[in-house]
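# Observations on the model geometry
Given next are the chains, with one letter for each unit.
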Amino acid sequence: VEQFGAQPLIAIVSLGQTRELVFHKKSAVKKGSLKVDKTFPPKRFALEDGSLLIMSGASQTNFLHEVPKIFHPKVKERYSITFRHYFHEKNDSLG
């Protein structure tokens with residue numbers, strides 16, 4: 001997304017239940033579609049309570065990431081707080 005720059009720095013704080021974060025390598029992308037490179041095994045990381053994850057550089061360009069949903073009554077809540085720099089256009093009418 002243009003508002004976050006070409007290679008954004010993103011900091012994510014995870015709170016609550018430990019969950020798994022999975023990165024999938026993107027394959028050659030056609031305009032408007034994203035596909036996963038099946039020849040590259042997914043990378044998995046545990047996001048524990050209070051953990052800090054930093055994504056930077058080309059991580060957003062080269063990888064898709066997800067926290068898979070878990071539907072089980074014993075799974076507790078998890079919250080994610082994301083920090084990123086937002087570049088906005090200067091609006092001359094606002095000063």
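Up top is the structure these notes are about.
Scope of this entry: the structure provided in the associated data block.

Conventions and cut-offs
- Counting restarts for each chain, with residues numbered from 1 along the sequence as it is written.
- At least 70 in pLDDT is required for a residue's local features to be given in this predicted model, at least 80 for side-chain atom pairs to be given and counted, and no such filter applies to totals for whole chains, interfaces and linings, which use all residues.
- Think of the side-chain values as coming from all heavy atoms in the structure, minus any hydrogens and water.
- Elements are defined by DSSP. Helices are runs of H or I of four residues or more, strands are runs of E of two residues or more, and each kind is numbered from the N terminus.
- Working definition: with a 1.4 Å probe on protein chains only, accessible area under 20% of the residue-type maximum means buried, over 50% means exposed, and in between means partly exposed.
- Think of it this way: Lys and Arg go in the positive column, Asp and Glu in the negative one, and His and the chain ends go nowhere.
- Salt bridge, as used here: a side-chain nitrogen of Lys or Arg that lies within 4 Å of a carboxyl oxygen of Asp or Glu.
- Throughout this description, a polar contact denotes any pair of N or O atoms lying within 3.5 Å of each other; where both atoms belong to protein, one of them has to be capable of donating a hydrogen while the other can accept it, and for residues adjacent in sequence the pair is counted only when both atoms sit in side chains.
- Contacts are assigned to residue pairs with any non-hydrogen atoms lying within 4.5 Å of each other.
- Buried Ala, Val, Leu, Ile, Met, Phe, Trp, Tyr and Cys residues that are joined via side-chain atoms within 4.5 Å together make up what is termed a nonpolar core.
- Nonpolar side chains (Val, Leu, Ile, Met, Phe, Trp, Tyr) are joined into patches within 5 Å and like charges within 9 Å, using only residues with over 30% relative accessible area and no salt bridge.
- Only the protein chains shown count as cover for residues, and the accessible areas themselves come from Shrake-Rupley with a 1.4 Å probe.
- By definition, two strands form a pair when at least two bridges between them are found by DSSP.
- Lines are fitted to the C-alpha atoms to define the axes, a helix being fitted only along its stretch in contact, and any angle between axes, read from their N-to-C directions, falls within 0 to 180 degrees.

### Overview of the side chain of Asp37
With respect to the helices and strands, Asp37 occurs in the loop between strand 2 (19-25) and strand 3 (43-47). The side chain of Asp37 sits in the buried core without any salt bridge; Lys25 is the nearest counter-charge, 5.2 Å away. At 2.5 Å, the side chain of Asp37 forms a polar contact with the side chain of Thr39. Leave out the neighbours within four places in its chain, and Asp37 touches Lys25, Lys26 and Ser27.

### Comments concerning the nonpolar core
The biggest cluster of nonpolar side chains holds 7 residues, and these are Ile10, Ile12, Leu21, Phe23, Leu47, Leu53 and Met55. Looking at this core, the elements that each hand over two or more residues are strand 1 (10-16), strand 2 and strand 4 (51-55). Sequence-distant contacts of Ile12, defined by excluding residues within four places in its chain, comprise Ser51, Leu52, Leu53, Met55, Ser80, Ile81 and Thr82.

### What to know about a nonpolar patch on the surface
A surface patch of nonpolar side chains, amounting to about 390 Å² of accessible area, comprises Leu15, Tyr79, Ile81 and Phe83. In terms of residue count, strand 6 (residues 78-84) provides more of the nonpolar patch than any other element does, 3 residues in total. Residue placement: Phe83 occurs in strand 6.

### Here we look at the sheet that holds strand 2
In space, the 3 strands of this open sheet follow the order 3-2-5, with antiparallel pairing throughout. Single-partner strands in this sheet number two, and they are strand 3 and strand 5 (63-66). Here the average twist between neighbouring strands, direction ignored, is 20 degrees. Where strand 2 lies against strand 5, 4 bridges are found, and the strand directions are antiparallel. Across the sheet, His24 pairs through a bridge with Leu64, a residue of strand 5.

Don't take any of this as a statement about function, it's just geometry.
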